[in-house]
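The residues making up each chain are set out below.
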Amino acid sequence: MESQILYNGSSKVVYKGEGDEDIVIRFKDYIAAFYNIKGARIENKAKMNCSISSMVLGYLNECGIATHFVKRLSDSDQQCRLVKHIPIEVIVRNVIAGSMAKRLGIEEGIVPANTVFDLCLRDTELGDPLINDHHAVALGLVSYEELDVIYEVSTRVNTLLMELYAKAGIRLVDFKIEFGRAADGSLVLADELTPDTCRLWDATTGERMDKDRFRRDLGRVGEVYQEVADRLANVLNK
Ligand code: TMP
């Protein structure tokens, strides 16, 4: 019998798992940008992103961060914990790039004095608008206490991933994560962490090793995703 589909997106599909508390995330060989206006098949992307996200989330679990990741099941599949998803995107920025550079008229590549956090409401019809803490609480999505935890965990994740990627010769420019609530109400990082959801620049050459290659038609998308997977595997002895 085919498992029940809980979510079917452009780059992954989520199935109900065998246990009541489990889900299976299956990555796809597809890349999409600008709300699916632009999309393409990328050979082996499912395997590369499943590998990268499994290594990164497994590493975070080992470092004591509560994530939804349980184990990698196959080339393209991950077993994860079922959580109640909070529809907020938390963006962490170490270097100015992307929408922040554009919105505020700042040159990409400038390092701000502090880590910058953005919150976006996850609502495709509204274009995932930027919101602030008070909006998030007023919308009933989280409490102020939960926001404290979200910022604290996001800061720890940022420190751990900056160190990990630095060992791989990669600069972690920014990334996006989402959270969910486990059955006991505790917050769990419940997202992928891949070059689709992070900006990764080669530490020496500054070459982009993430989805911006696809967004900006820079070419060699699959090649750089494979390079990220290989470098992480080398650093983590996988
Ligand atoms: P931005 O500069 O477009 O706001 O993106 C910041 C980072 O967050 C970048 O690494 C891409 C990632 N991101 C997502 O993964 N999904 C999203 O919906 C958004 C807005 C950003």
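Right, let's walk through the structure included here. (Residues numbered from 1 in each chain as written. Predicted model: local features only at pLDDT ≥ 70, side-chain atom pairs only at ≥ 80, totals over all residues. Heavy atoms only, no water.)

### Digging into the nonpolar core
Test applied: In these notes, a set of buried Ala, Val, Leu, Ile, Met, Phe, Trp, Tyr and Cys residues joined through side-chain atoms within 4.5 Å is what counts as a nonpolar core. For every residue, the accessible area obtained with a 1.4 Å probe (protein chains only) is divided by the maximum for its type, and the residue is called buried under 20%, exposed over 50%, and partly exposed between those limits. For this analysis, residues touch if any pair of their heavy atoms sits within 4.5 Å.
One finds Leu 60, Leu 161, Tyr 165 and Leu 193 to be the most contacted residues of the largest nonpolar core, which totals 59 residues. Apart from residues lying up to four places away in sequence, Tyr 165 is in contact with Ile 52, Val 56, Ile 170, Leu 172, Leu 200, Val 228 and Leu 232.

### Some words on helix 6 (residues 221–235)
In an α-helix, one turn spans 3.6 residues, which is why side chains three or four residues apart end up on the same side. For clarity, the cut-off: The numbering of helices and of strands both runs from the N terminus, where a helix is a DSSP run of H or I of at least 4 residues and a strand a run of E of at least 2. In a helix, the anticipated span is given by 1.5 Å times the number of residues less one.
For helix 6, which comprises 15 residues, the first-to-last C-alpha distance of 22 Å matches the rise-based estimate of 21 Å (1.5 Å per residue) to within 8%. Among all positions in helix 6, only Val 221, Gly 222, Val 224, Tyr 225, Val 228, Ala 229, Leu 232 and Ala 233 are buried. Among the structural elements, strand 4 (30–33), helix 1 (45–62), helix 4 (144–167), strand 12 (170–177), strand 15 (198–202) and helix 5 (212–215) are those in contact with the buried residues of helix 6. Following helix 6 by one or two positions, Asn 237 adopts a phi angle in the positive range, close to 55°.

### Focus on the side chain of Glu 178
The following threshold applies: Polar contacts here mean pairs of N or O atoms no more than 3.5 Å apart (in protein, one a potential hydrogen donor and the other a potential acceptor; neighbouring residues in sequence count only if both atoms are side-chain atoms).
If you trace the backbone, Glu 178 turns up in the loop between strand 12 and strand 13 (179–181). Among the polar contacts made by the side chain of Glu 178, one reaches the side chain of His 85 at a distance of 2.5 Å.

### Let's talk about the packing of aromatic side chains
Within a pair of aromatic rings, the relevant descriptors are the distance that separates the centres and the angle that separates the planes. Rules: Aromatic rings from Phe, Tyr and Trp, taking only the six-membered ring of Trp, are treated as a pair when their centres fall within 6.5 Å; an angle between ring planes under 30 degrees marks them as stacked, one over 60 as edge-to-face, and anything in between as tilted. Here, a charge over a ring is recorded when the distance from Lys NZ or Arg CZ to the ring centre is within 6 Å and its angle to the ring normal is within 35 degrees.
Under the defined criterion, the tally for this structure stands at one aromatic pair. Here the aromatic rings of Phe 117 and Tyr 151 are separated by 5.4 Å at their centres, their planes lie at 75°, and the arrangement is edge-to-face. Taken together, the residues span a long stretch of sequence, with Phe 117 in strand 10 (residues 116–121) and Tyr 151 in helix 4 at a distance of 34 residues. Overall, Phe 117 belongs to the partly exposed group, its relative accessible area being 27%. Positioned above the aromatic ring of Phe 214, the side-chain terminus of Lys 38 is 5.0 Å from the ring centre.

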